[in-house]
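Examination of the molecular architecture
Spelled out from the first residue to the last, the chains are:
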Amino acid sequence: MAKHTIVLIPGDGIGPEVTNATKRVVSAAGLSVDWVELPAGAAAIEQGFDSVLPERTLAAIRAHKVALKGPVTTPVGKGFTSVNVQLRKKLNLYAAVRPVRSLAGVKTRYENVDMIIVRENTEGLYSGIENEVVPGVVTSMKVASEAACTRIARYAFRYATKRKRKKITVFHKANIMKLTDGMFLNSARKIYEDEYPNIEYEEVIIDAGCMKLVQNPDRMDVLLMENLYGDLVSDLCAGLVGGLGVVPGSNIGDDAAVFEAVHGSAPDIAGKGIANPLALVMTAEMMIHHIGEHAVGDKIRKGYDAVLADGAVKTKDLGGSATTDQFADAIIAKMG
Ligand code: NAI
């Protein structure tokens, strides 16, 4: 196996705890890797960098193409622009891909959930263009460009085809936001009609879509949507399969990819050593497949599937009392 160089961003809150546990699982699975550890978020300022997204961190991701990232904290209603938003824009990581599936041993209301959320990652209301028009009146601009809408639609169809998925559902609100969501919808429809007519395709207004998700999540396959909807629906879908501790994610661009779980820095449990590392372990598994080391990825999956099926070692979010490290150790023990 060739040695891989991967940028590791521990992040804030539970970030260092779950990245450390994940690193141990990845090493035990046998990936040959040099980790280039660099900060982002509040951690960067604490380490003396002059920005929450240091140029050195960005340059390393550009150079090595792949990063595994813990969550970072974003101040609410004030302060700096989200590090995640900056990172996705600066590296043009236009596709957030988040697989959501039922896991044997994780008891939820649903079985057989197996869907992929593909979220446009660079535009929409996340453009951060906000203005105070006059005192007491503020606006936020939703941006949709035909190029970005077409790019994410083509990505979703290509992704679905490669993975032998059957259906793409676009969530939208083009009945109200006729221009922006209209652009998103028309771009997706055009890619379907012109390039992928053999995939089943449906358009669903997002409010009804959310109802369908909680009624019959197993009817959904690949979900395509713009930035903000993708953010909200990701957490909703995480709730269908056991919560934020079990949903991985990735941010993919043409030149680089940053792998991070859906969850945030979880300040309510940070520093206690009880966060579930599984979401980041699954994220690392995605990353390992991305770099072509499929046997290592499969080994990790075999390990955590066995731990979950066995049920003896679980973190608090899954109804157990294991620590982050105990859960990681259990995965390592089951990898064989
Ligand atoms: P959150 O995802 O951090 O936490 C929501 C709830 O889920 C909390 O009760 C938390 O304890 C629980 N949770 C999350 N991950 C868990 C895990 N691995 N194991 C067990 N329980 C887990 O969302 P919240 O509270 O809305 O945001 C906290 C901070 O994280 C904010 O500053 C937000 O901006 C940031 N954030 C960062 C993200 C990133 O860096 N990719 C993504 C989402 C939020």
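These lines cover the structure that appears in this document, whether it is placed above or below. The residue numbers shown here count from 1 along each chain, following its written sequence. A pLDDT threshold of at least 70 governs which residues receive local features in this predicted model, and a stricter bar of 80 or more applies before side-chain atom pairs are shown or counted, although totals over entire chains, interfaces and linings include all residues. Note that water and hydrogens are dropped before the side-chain values are worked out from all heavy atoms of the structure.

**As for the overall build of the protein chain**
By the criteria applied, helices consist of DSSP H or I runs no shorter than four residues and strands consist of E runs no shorter than two, each listed in order from the N terminus. Counting secondary structure elements, the protein chain contains eleven helices and twelve strands. For the protein chain, the C-alpha radius of gyration of 20 Å lies close to 20 Å, the compact-globule estimate for 336 residues. Referenced to the eigenvectors of the C-alpha coordinate spread, the extents of the protein chain come out at roughly 55 × 45 × 40 Å. Using a 1.4 Å probe on the protein chains alone, a residue whose accessible area is under 20% of its type maximum counts as buried, one over 50% counts as exposed, and one in between counts as partly exposed. Relative to its 336 residues, the protein chain shows a buried fraction of 52%. Relative to all contacts within the protein chain whose residues are 6 or more apart in sequence, the contacts with residues 24 or more apart total 74%. To be clear on the numbers: accessible area is Shrake-Rupley with a 1.4 Å probe, and residue cover counts the displayed protein chains and nothing else. Surface exposure of the protein chain reaches about 14,900 Å², of which carbon and sulfur atoms provide 52%. Here Asp and Glu are counted as negative and Lys and Arg as positive; His is not counted, and neither are the chain ends. To locate a charge, the coordinates of NZ of Lys, CZ of Arg, CG of Asp or CD of Glu are taken. Here the protein chain contributes 39 positively and 39 negatively charged side chains, and the mean placements of these two sets differ by 3 Å. As a reference, a globule follows 2.2 Å times the number of residues to the power 0.38, and the radius of gyration itself is taken over C-alpha atoms. Contacts between residues were defined by any pair of non-hydrogen atoms, one from each residue, lying within 4.5 Å.

**Quick word on helix α4 (residues 83–90)**
For an α-helix, 3.6 residues make a turn, and residues three or four places apart therefore share a direction. Taken across its eight residues, α4 has six buried, putting it largely inside the fold. Listed in full, the buried residues belonging to α4 are V83, N84, V85, Q86, L87 and R88. With its phi angle positive at about 55 degrees, N92 sits one or two positions after the end of α4.

**Some remarks on the sheet that holds strand β4 (residues 95–101)**
Whether two strands pair comes down to DSSP finding at least two bridges between them. Strand order in the open sheet made by the ten strands is β2-β1-β3-β12-β11-β4-β5-β10-β8-β9, with mixed pairing throughout. Single-partner strands in this sheet number two, and they are β2 (33–37) and β9 (200–205). Here the average twist between neighbouring strands, direction ignored, is 25 degrees. As paired strands, strand β1 (residues 4–9) and β2 are joined by five bridges and run parallel to one another. In the sheet register, T5 faces β2, and the bridge partner there is D34. Axis lines are fitted through C-alpha atoms, for helices just across the contact stretch, and the angle between N-to-C directions can take any value from 0 to 180 degrees.

**Thoughts on the state of the cysteines**
To count as a disulfide, a pair of cysteine sulfur atoms needs to be within 2.5 Å. All told, the structure shown has zero disulfides when counted by the stated rule. C149 carries a free sulfur, and the closest cysteine sulfur to it, the one in C210, is 19 Å from it. Residue C149 is classed as buried on the basis of its relative accessible area of 3%. Among the cysteines around C210, which has no disulfide bond, C237 carries the closest sulfur, lying 8.2 Å off. Looking at C210, the relative accessible area reads 23%, which means it is partly exposed.

**Topic: the site of the ligand**
In the vicinity of the ligand lie 21 residues, with V72, N84, G264, A266 and D268 positioned nearest. Identification of polar contacts relies on pairs of N or O atoms within 3.5 Å, with a donor-acceptor requirement for protein atoms, meaning one able to donate a hydrogen and the other able to accept it, and with residues adjacent in sequence counted only if both atoms are side-chain atoms. One of the side-chain N or O atoms of E260 is found 3.0 Å from a nitrogen atom in the ligand. Taking S265, its main chain carries an N or O atom lying 3.0 Å from an oxygen atom of the ligand. For the ligand, the protein covers 70% of the area, taking 810 Å² as the surface of the free molecule. Put simply, a residue is near a molecule or strand once any heavy atom of it comes within 4 Å of that molecule or strand.

**A closer look at a nonpolar patch on the surface**
Patch definition: residues with relative accessible area over 30% and no salt bridge; like charges joined within 9 Å; nonpolar side chains (Val, Leu, Ile, Met, Phe, Trp, Tyr) joined within 5 Å. Salt bridge, as used here, is a side-chain nitrogen of Lys or Arg placed within 4 Å of a carboxyl oxygen of Asp or Glu. A surface patch of nonpolar side chains, amounting to about 230 Å² of accessible area, comprises V133, V134 and V137. Along the chain, the position of V137 falls in strand β7 (residues 137–143).

**Quick notes on the pattern of salt bridges**
The final tally for this structure, using the stated rule, is 19 salt bridges. The shortest N-O distance in the salt bridge between K142 and D181 comes to 2.8 Å. You can see K142 sitting in strand β7 and its partner D181 sitting in helix α6 (residues 180–195), a full 39 residues away along the chain. Using a relative accessible area of 2% as the deciding quantity, one classes D181 as buried. With a closest N to O distance of 2.9 Å, R165 and D221 form a salt bridge. Of the two residues, R165 is situated in the loop between α5 (146–162) and β8 (167–172) and D221 in the loop between α7 (206–215) and β10 (222–225); the sequence distance between them amounts to 56 residues. The burial state of R165 is the same as that of D221; both residues are buried. Salt bridges sharing partners connect three or more residues here, namely R24, D325 and D329.

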